Amino acid sequence: MSYKTRHIMRILPSLLIIILLWTSISLASPGIEPKRVVLKNGITLLFVETHALPMVNISVAIKAGAIYDPPGKGGVASLTSALIDEGTTTRTSRQIAEEIDFIGGKLSAAGGEDYSSASLVVLKKDISTGMELLTDILLNPVFPAEELERKKKETIAAIISERDDPGAVASKEFYRAVFQGHPYGIPVEGDEESVSRITRDDIMNFYQQFYKPNNTIISVTGDLNYKEAVSLIETSFVRWDKSRLKLPEVPPVNKVSKGDSILIDRNITQSNIVLGHTGISRDNPDYYAVSLMNYILGGGGFESRMTKEIRDNKGLAYSVYSHFDVNRFPGAFTVEVQTKNESARDAIEGIRTELKKIREEQVSDDELNDAKAYLTGSFPLRLDTNAKISNFMLMVEYYNLGPDYIRDYPNKINSVTKDDILRVARKYIDTENCVTVVVGKQEKTGLRK
């Protein structure tokens, strides 16, 4: 038996357990009782105890998202997280990959708009090895220059390839127009020019400024008790000292003050349309009413008003949907649709009609009850694996949603009234000051600015 075969046989039980974990839909516990503690070095630790499988999932959020990218250097936060597991003071990128693979675990890192993240999934019996790797990449990254250049080339190649994707072009142009002067208007990965300007010093400076224990949230979910979880994180990060931290000011999100149409000519048969404006932040108390309103308007799939009218009744598109980005700062409210070039005008008019309607008329009892049933009924599915629980707890902590958020969510959804829906529709949907981006064959759309 070859070494490779023996290695596969060794880790096969671990792989099977991981597959079971990822595919399981039965781990959701209505009695999830998260615990929270701030450790001596400033790490905020969240813990949820589950014993369905002998697994431990650890998610890390560092308040080091793209909103803190230096001016003109969009993509620094994304590249920093992408490089953090590409070599440490004691391990090469290959050694890190081989060691986590050897125990059948998973170690990853990613950048985001508001925060960057890392995660570890391992069997309980391998938690020491897994934590050694996780702490190594977080505390001792070296950001090899050759890996930085490789990642920059990959990022720029991906950015260039997106120019051939009409949907990506429309989306980027929309965010650029709506979030002028705010980091949300710049893609997390940056653009071709900004990425090409990023140096290793930029990465090192960003890491040293933001990757601190008192700027970090860690969520542990799995087959441990509270005492074991606290001891695990305290011991693993004992060398990570608390230090002075001052987060840069992020400019405010300005509301769209006038309507605008951006028409981009492409020789394609389908127009890609994005329409909308700024929306709400995640900690907005109207979040629950807005979620229900959006479900009824265009977020509820085949049950939404937009789908019924624009898809079913008018046959203008296969899919049309609306969405509220909810981040630390007010995100975007968008309606997206693809339609034949010749139907672009009718599709936009149909969308505008539905936007006006939900601002002017109360929703029906059936619409509201169906939306409540969906949002409360699907809520447990957001917590049906250890990974989902860990990431969900990070989100609750980061956005200051409160320790009782999981328990209170159904009650807050069910307390929303038809008057609330009408109020938030009038407050957060602006039919006059919308940005509309259309990527398509403009001579066939007949649209004019």
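Being a predicted model, the structure only gives us computed values, none of them experimental.

Enquirer: Now, about the pattern of salt bridges: what can you tell me, with residues and values included?
Expert: For the coordinates displayed, the defined rule picks out 27 salt bridges. Note that glutamate 86 is salt-bridged to lysine 151, the shortest N-O span being 3.7 Å. With a gap of 65 residues between them, glutamate 86 in the loop between helix 2 (76-83) and helix 3 (93-102) and lysine 151 in helix 5 (residues 145-161) connect regions that are remote in the sequence. Exposure class is identical for glutamate 86 and lysine 151. Each is buried. Across the pair arginine 150 and glutamate 154 runs a salt bridge whose closest N-O atoms are separated by 2.8 Å.

Enquirer: So what's going on with the packing of helix 10 (residues 287-299) against helix 15 (residues 405-414)? Which residues, and what values?
Expert: At a minimum axis distance of 10 Å, the contact between helix 10 and helix 15 shows a crossing angle of 55°. Overall, the two elements helix 10 and helix 15 adopt an arrangement that is oblique. Note on packing geometry: the crossing formed by helix 10 with helix 15 is right-handed. Across the interface between the two elements, Tyr287, Tyr288 and Leu292 of helix 10 pack against Tyr405, Tyr409, Lys412 and Ile413 of helix 15. For the contact of helix 10 with helix 15, the residue count by class is 6 nonpolar, no polar and 1 charged.

Enquirer: With reference to specific residues and values, describe the environment of arginine 150.
Expert: Following the sequence through the fold, arginine 150 ends up in helix 5. Note on arginine 150: relative accessible area 35%, which makes it partly exposed. When the C-alpha atoms of arginine 150 and lysine 357 are compared, they prove to be 51 Å apart, with 207 residues separating the residues in sequence. Engagement of the side chain of arginine 150 in a polar contact is seen with the side chain of glutamate 147, the distance being 2.6 Å. A distance of 2.8 Å separates a polar atom in the side chain of arginine 150 from a polar atom in the side chain of glutamate 154.

Enquirer: Describe the packing of aromatic side chains, and please don't skip the residues or the numbers.
Expert: By the definition in use, this model includes 21 aromatic pairs. Here a set of aromatic residues connected by ring pairs shows up, and it is made of Tyr287, Tyr288, Phe379, Phe392, Tyr405 and Tyr409. Directly above the aromatic system of tyrosine 287 lies the positively charged group of arginine 282, at a separation of 3.7 Å from the ring centroid.

Enquirer: Provide a residue-level description of helix 4 (residues 127-139), including the pertinent values.
Expert: An α-helix turns once every 3.6 residues. As a result, residues three or four positions apart point the same way. With 13 residues, helix 4 should cover 18 Å at 1.5 Å per step; its first-to-last C-alpha distance of 18 Å lies within 8% of that length. The element helix 4 is extensively covered by neighbouring structure, given that 10 of its 13 residues are classed as buried. Where helix 4 is buried, its residues touch strand 3 (55-62), helix 3, strand 4 (106-110), strand 5 (116-123), helix 8 (200-210) and helix 9 (226-236).

Enquirer: Kindly report on unusual backbone geometry, identifying the contributing residues and their values.
Expert: Residue phenylalanine 143 is not a glycine yet carries a positive backbone phi of 50°. Counting through the fold element by element, phenylalanine 143 comes out in the loop between helix 4 and helix 5. A relative accessible area of 1% places phenylalanine 143 in the buried class. Phi is positive for asparagine 400, which is not a glycine, with a value near 55°. Position of asparagine 400 relative to the elements: it lies in the loop between helix 14 (386-398) and helix 15. The exposure class assigned to asparagine 400 is exposed, which follows from its relative accessible area of 64%.

Enquirer: Please provide a residue-by-residue account of the sheet that holds strand 1 (residues 35-38), values included.
Expert: With mixed pairing, 6 strands are arranged side by side in an open sheet as 1-2-6-3-5-4. Strands at the two margins of the open sheet, each flanked by one partner only, are strand 1 and strand 4. Pairwise comparison of adjacent strand axes, ignoring direction, gives a mean angle of 15° for this sheet. Alignment of strand 3 against strand 5, held across 8 bridges, turns out to be antiparallel. By the bridge assignment, isoleucine 62 is partnered in strand 5 with serine 116.

Enquirer: Provide a residue-level description of the packing of helix 11 (residues 305-313) against helix 12 (residues 344-360), including the pertinent values.
Expert: Helix 12 packs onto helix 11 with a crossing angle of 150° between their chain directions and a minimal axis gap of 10 Å. Considered as vectors, helix 11 and helix 12 are oriented roughly antiparallel to each other. Crossing handedness for the pair helix 11 and helix 12: right-handed. Where helix 11 abuts helix 12, its residues Arg305, Met306, Glu309 and Ile310 lie against Ala347, Gly350, Ile351, Glu354, Leu355, Lys357 and Ile358. A class-by-class count of the residues in the contact of helix 11 with helix 12 yields 6 nonpolar, 1 polar and 4 charged.

Enquirer: Before we move on, can you summarise the nonpolar core with the specific residues and values?
Expert: Core analysis: the largest hydrophobic core is formed by 131 residues, its most contacted members being Ile58, Leu134, Leu138, Val220 and Ile233. Here this core takes 9 residues from helix 10, the largest share from any one element. Filtering out sequence-adjacent residues up to four positions away, isoleucine 58 remains in contact with Ala118, Ser119, Leu120, Ile127, Met131, Leu134, Ile218, Ser219, Val220 and Leu232.

Enquirer: An account of the sheet that holds strand 11 (residues 435-440) is needed here, citing residue identities and associated values.
Expert: The strand order across the open sheet formed by 5 strands is 7-11-8-10-9, and the pairing between neighbours is mixed. The sheet terminates laterally at strand 7 (260-265) and strand 9 (320-326), the two strands that pair on one side only. Between one strand axis and the next, the sheet turns by 15° as a mean value, whatever way the strands run. Here 5 bridges tie strand 8 (residues 270-278) to strand 11, and the two strands are oriented antiparallel to one another. Across the sheet, residue leucine 275 finds its bridge partner in strand 11, namely threonine 436.

Enquirer: Describe the environment of asparagine 205, and please don't skip the residues or the numbers.
Expert: Inspection of the secondary structure assignment puts asparagine 205 in helix 8. Spatially, the C-alpha atoms of asparagine 205 and leucine 139 are 14 Å apart, while their sequence positions differ by 66 residues.

Enquirer: Explain the pairing of strand 8 to me, using residue names and the numbers behind them.
Expert: Along any regular strand the residues' side chains alternate between the sheet's two faces. With 8 of 9 residues buried, strand 8 is to be regarded as a mostly interior element. Bridging between strand 8 and strand 10 (residues 330-340) involves 9 bridges; their strand directions are antiparallel. Looking at strand 10, one finds that valine 274 is bridged to glutamate 336.

Thresholds applied
Each chain carries its own residue numbering, running from 1 in the written order of its sequence. Given that the model is predicted, a residue must reach a pLDDT of at least 70 before its local features are reported, and side-chain atom pairs must reach 80 or more before they are shown or counted; all residues, however, enter totals for whole chains, interfaces and linings. Calculated side-chain values reflect all of the structure's heavy atoms, with hydrogen atoms and water omitted. For this analysis, a salt bridge means a side-chain nitrogen from Lys or Arg found within 4 Å of a carboxyl oxygen belonging to Asp or Glu. Under the scheme used here, helices are H or I runs from DSSP no shorter than 4 residues and strands are E runs no shorter than 2 residues, and both carry numbers assigned from the N terminus. Only protein chains enter the accessibility calculation, which uses a 1.4 Å probe. A residue is then buried if its area is under 20% of the maximum for its type, exposed if over 50%, and partly exposed in between. Between the N-to-C directions of two axes lies an angle of 0 to 180 degrees, each axis being a line fitted to C-alpha atoms and, for a helix, fitted only over the stretch in contact. Throughout this description, any angle smaller than 35 degrees is read as roughly parallel, any larger than 145 degrees as roughly antiparallel, any in the 65 to 115 degree range as roughly perpendicular, and the remainder as oblique. If you view the pair so one helix is near and one far, a crossing is left-handed when the near helix is turned anticlockwise from the far one by less than a right angle, and right-handed when it is turned clockwise. Contacts are residue-level and defined by heavy atoms, with any inter-residue pair within 4.5 Å sufficient. Put simply, Ala, Val, Leu, Ile, Met, Phe, Trp, Tyr, Cys and Pro go in the nonpolar bin, Asp, Glu, Lys and Arg in the charged bin, and everything else, Gly too, in the polar bin. Polar contact is defined as a pair of N or O atoms within 3.5 Å, subject to the rule that within protein one atom must be able to donate a hydrogen and the other to accept it, and that residues adjacent in sequence are counted only when both atoms are side-chain atoms. Each pair of aromatic rings taken from Phe, Tyr and Trp, with Trp reduced to its six-membered ring, is defined by centres within 6.5 Å and is described as stacked if the planes are under 30 degrees apart, edge-to-face if over 60, and tilted in the remaining cases. When the NZ atom of lysine or the CZ atom of arginine is within 6 Å of a ring's centre and also within 35 degrees of its normal, the charge is said to sit over that ring. Under the convention used throughout, the expected extent of a helix is 1.5 Å for every residue step, that is, one less than its residue count. Paired strands, in this sense, are two strands between which DSSP finds at least two bridges. To define a nonpolar core, start from buried Ala, Val, Leu, Ile, Met, Phe, Trp, Tyr and Cys residues and group those joined through side-chain atoms within 4.5 Å.

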